[in-house]
Amino acid sequence: WYQRRVRDFGSIRIIEMLHRSNFIALVGGGLQSKFSAKMVRIWDDKQKTFILEFSFDSLIRAVKMRRDRLIVVLSSKIYVFSFPDNPRHLQTIETRNNSRGLCQLCPSLSNSLMIFPGTRAGSLQLFDVSTAGAAVGATSTPPTINAHRTELQCIAINHSGGLAATASGKGTLIRVFDLKTRLLVIELRRGTDTATVQSITFNEDSSYLCASSDKGTVRIFAIKNPELNKRLTVANVGYLGRYAGSQWGMTSFTLRSECPCICTFAPPSSTPGTAVRNAVIALCFDGTYHKYVFTADGNCNRESYNVFLDVTQDLEI
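Residues numbered from 1 in each chain as written. Predicted model: local features only at pLDDT ≥ 70, side-chain atom pairs only at ≥ 80, totals over all residues. Heavy atoms only, no water.

*Asks:* I keep staring at the overall build of the protein and nothing clicks. Help me out?
*Replies:* The secondary structure content of the protein amounts to 1 helix and 24 strands. For the protein, the proportion of contacts with a sequence separation of at least 24, taken over those separated by at least 6, is 41%. Surface exposure of the protein reaches about 16,400 Å², of which carbon and sulfur atoms provide 49%. (Helix = DSSP H or I, 4+ residues; strand = E, 2+ residues; numbered from the N terminus. Contact = heavy atoms within 4.5 Å. Areas by Shrake-Rupley, 256 points an atom, 1.4 Å probe, with all protein chains shown as cover.)

*Asks:* Is there a simple way to explain the pairing of strand E3 (residues 39-44) in this structure?
*Replies:* Most of E3 is tucked away, with 5 of its 6 residues classed as buried. Where strand E2 (residues 23-33) lies against E3, 4 bridges are found, and the strand directions are antiparallel. Within E3, the position partnered with alanine 25 by the bridge is isoleucine 42. The antiparallel hairpin formed by E2 and E3 contains 5 residues in its connecting segment. Here 6 bridges tie E3 to strand E4 (residues 49-55), and the two strands are oriented antiparallel to one another. Looking across to E4, one finds that valine 40 is bridged to phenylalanine 54. Here E3 folds back onto E4, and the loop between the two strands holds 4 residues, one of which, lysine 48, carries a positive phi near 60 degrees. (Buried < 20%, exposed > 50% of the residue type's maximum accessible area, 1.4 Å probe, protein only. Pairing = 2+ DSSP bridges.)

*Asks:* Teacher, can you tell me more about the sheet that holds strand E8 (residues 89-94) here?
*Replies:* In any sheet, the strands associate via hydrogen bonds between backbone groups, in a parallel or an antiparallel arrangement. A sheet is described by the order of its strands in space; here 4 strands give the open sequence E5-E6-E7-E8, paired in antiparallel fashion. The strands lining the two open edges of the sheet, one partner per strand, are strand E5 (62-66) and E8. Neighbouring strand axes in the sheet, compared pairwise and without regard to direction, differ in orientation by 15 degrees on average. Summarising the sheet, strand E6 (residues 69-73) and strand E7 (residues 77-82) pair through 5 bridges and their orientation is antiparallel. The residue bridging leucine 70 from the neighbouring strand is phenylalanine 81, located in E7. (Axes fitted to C-alpha atoms, helices over the stretch in contact; angles between N-to-C directions.)

*Asks:* Mind showing me how you'd approach the side chain of serine 11 here?
*Replies:* Along the chain, serine 11 falls in strand E1 (residues 10-17). In this structure the side chain of serine 11 is engaged in a polar contact, spanning 2.9 Å, whose partner is the backbone nitrogen of serine 33. Ignoring sequence-local partners within four residues, the contact set of serine 11 consists of Gly28, Gly29, Gly30, Leu31, Gln32 and Ser33. (Polar contact = N/O pair within 3.5 Å; in protein donor to acceptor, adjacent residues only side chain to side chain.)

*Asks:* Help me understand the pattern of salt bridges, please; the structure alone is not making it clear to me.
*Replies:* Where side chains of opposite charge bring their charged atoms close, a pairing between them can arise. What the rule picks out here adds up to 10 salt bridges. The partner of arginine 66 in a salt bridge is aspartate 68, and the shortest N-O contact between them spans 2.8 Å. Given the relative accessible area of 29%, aspartate 68 is considered partly exposed. Ionic contacts of the salt-bridge type, sharing partners, join the residues Arg175, Glu187 and Arg189 into one network. (Salt bridge = Lys/Arg side-chain N within 4 Å of Asp/Glu carboxyl O.)

*Asks:* Would you mind showing me how to read the environment of serine 207 here?
*Replies:* Assignment of secondary structure puts serine 207 in the loop between strand E17 (197-202) and strand E18 (208-213). Among the residues examined, serine 207 registers a relative accessible area of 13% and is labelled buried. Between the C-alpha atoms of serine 207 and phenylalanine 221, which are 14 residues apart in sequence, the distance is 8.6 Å. Not counting chain neighbours up to four residues away, the residues in contact with serine 207 comprise Phe221, Ala222, Ile223 and Lys224.

*Asks:* Just to check I follow, could you spell out the sheet that holds strand E19 (residues 217-222) for this structure?
*Replies:* Spatially, 4 strands are ordered E17-E18-E19-E20 in an open sheet, and the strand pairing comes out antiparallel. A strand with exactly one partner marks an edge of an open sheet, and here the two such strands are E17 and strand E20 (251-254). Within the sheet, the average angular offset between the axes of one strand and its neighbour, ignoring direction, is 15 degrees. Both E18 and E19 contribute to a ladder of 5 bridges, which runs antiparallel. Each bridged residue has a counterpart across the sheet, and for alanine 211 the counterpart in E19 is arginine 219.

*Asks:* I'm lost on empty space enclosed by the protein in this one. Help?
*Replies:* Once rolled over the atoms, a probe with the size of a water molecule shows which space is left empty. This model, assessed by the stated rule, comprises 1 cavity of 30 Å³ or more. Quantified by volume, the largest cavity comes out at close to 30 Å³. Around the largest cavity sit Leu255, Arg256, Cys259, Cys284, Asp286, Thr288, His290 and Tyr305, which together line it. Classifying every residue of the lining of the largest cavity gives 4 nonpolar, 2 polar and 2 charged. (1 Å grid on protein atoms, 1.4 Å probe; cavity = no way out; pocket = protein on both sides within 12 Å on 5 of 7 lines; lining within 4 Å. Points joined across faces, edges and corners; volume = space filled by probe spheres on them. Nonpolar A, V, L, I, M, F, W, Y, C, P; charged D, E, K, R; others polar.)

*Asks:* Honestly, the packing of aromatic side chains in this entry has me stumped. Any pointers?
*Replies:* What describes a pair of aromatic rings is the distance from one ring centre to the other and the angle between the planes of the rings. In total, this model carries 11 aromatic pairs according to the counting rule given. Here the aromatic residues Phe54, Phe56, Tyr79 and Phe81 are joined through ring pairs into a cluster of three or more. Above the plane of the ring of phenylalanine 35 lies arginine 41, whose end atom (NZ or CZ) is 5.1 Å from the centre. Sitting over the face of the ring of phenylalanine 50, arginine 41 holds its NZ or CZ atom 4.0 Å from the ring centroid. (Phe/Tyr/Trp six-rings, centres within 6.5 Å; stacked < 30°, edge-to-face > 60°. Lys NZ or Arg CZ within 6 Å of the ring centre and 35° of its normal.)

*Asks:* Just to check I follow, could you spell out the environment of phenylalanine 81 for this structure?
*Replies:* Take phenylalanine 81: it is sitting in strand E7. Spatially, the C-alpha atom of phenylalanine 81 lies 9.4 Å from that of glycine 133, the residues being 52 residues apart in sequence. When residues no more than four places from it in sequence are discounted, the contact partners of phenylalanine 81 are Phe54, Phe56, Asp68, Arg69, Leu70, Val72, Arg88, His89 and Leu90.

Take a look at the structure:
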C-alpha cells in the first residue's frame with residue numbers, strides 16, 4: 001500500500017486530515033514530488049480520487065481544515081475558503097512574515113477560533129473563521145495577545161478553544177493564555193539552552209501540556225494543578241536570575257539519539273486500585289513511534305516502541 005501511494009502521489013511536504021474523515025489535504029514537495037508545492041489537493045479516501053485543488057502564487061506553508069472551512073497559510077497571507085461543499089474564497093488575511101506556517105484552528109465544532117502570529121513580533125492574533133467574508137469596520141482592531149518580545153516559534157490551541165500556548169523565539173519559554181480574557185495563565189520553562197520547539201499539545205481536558213524540541217526531549221507540564229510542576233530549590237542563587245523561580249515541568253523523557261519529534265496525548269487509562277496513567281505519543285523524524293505513560297507524581301516510563309518506516313529506503317518512481 002505504501003509503495004503504491006508513493007508512486008501515485010510522489011513525495012509529500014504537507015499532509016492534513018479533516019478530523020478522522022476521508023478528506024486529506026496534500027501539498028507536494030521534495031525530490032519526487034508529483035505536483036506543485038504551490039497547490040493544495042484534496043484527496044477523498046472513500047472515492048479514492050482527488051476532488052478539489054487550490055493553486056497559489058507562492059509556497060504553501062501550512063494547511064488547516066474544519067468541517068466548514070479550509071485554511072491555507074502562505075509566508076505573508078492566510079486564505080480562508082468555505083469547505084467542502086461549493087468551496088469559495090471568503091477572505092485573505094495579511095500577516096507578518098510567517099515562514100514557519102504558524103496557524104492553529106480550534107478542533108471543537110462549537111468554536112471557530114483561529115490563532116496565528118500578529119503584526120507585531122511576538123504577538124498572537126485571534127480570528128473567528130465563521131465571520132470570514134463578513135463586512136468589518138475600517139477602524140476595527142483585531143484581538144491580539146502580546147505573548148513574547150521575540151518572534152513566535154510554535155503555537156497551540158486547546159480542544160475547547162479557551163487556551164492558547166506560545167513558545168518564544170529562543171525556545172526556552174512557553175506561556176499559556178486565556179483566549180477570552182487574553183491574560184497570562186501560566187509561564188513554563190522548557191530549558192535554559194536555545195532550542196527549536198517543534199510541537200506543543202494540550203491533552204483533552206487541558207490539565208496537561210507537552211512540548212517537544214530538536215533536542216529530542218519531550219517535557220510534560222501540569223496546567224490545572226501547577227503545584228505538580230518541579231521548581232528549583234535554589235531560588236536565592238543570583239546567577240540563575242529569573243530561571244530560579246520558574247516552573248520546569250512535571251516530568252520529561254528523552255528519545256534515542258536526541259531525534260527531533262512531534263508529540264501528542266493518548267487517552268488515559270487506569271485499573272482498579274491504581275493511579276490514572278496518562279500517555280504521551282512521540283513520532284520522530286526517523287520514523288520511530290514511542291509511547292510513554294506518566295502519573296501525577298512524575299513517574300514516566302516507555303510503554304511501547306515501533307518503527308513505522310525505513311527513511312533510508314529509496315523507492316523508484
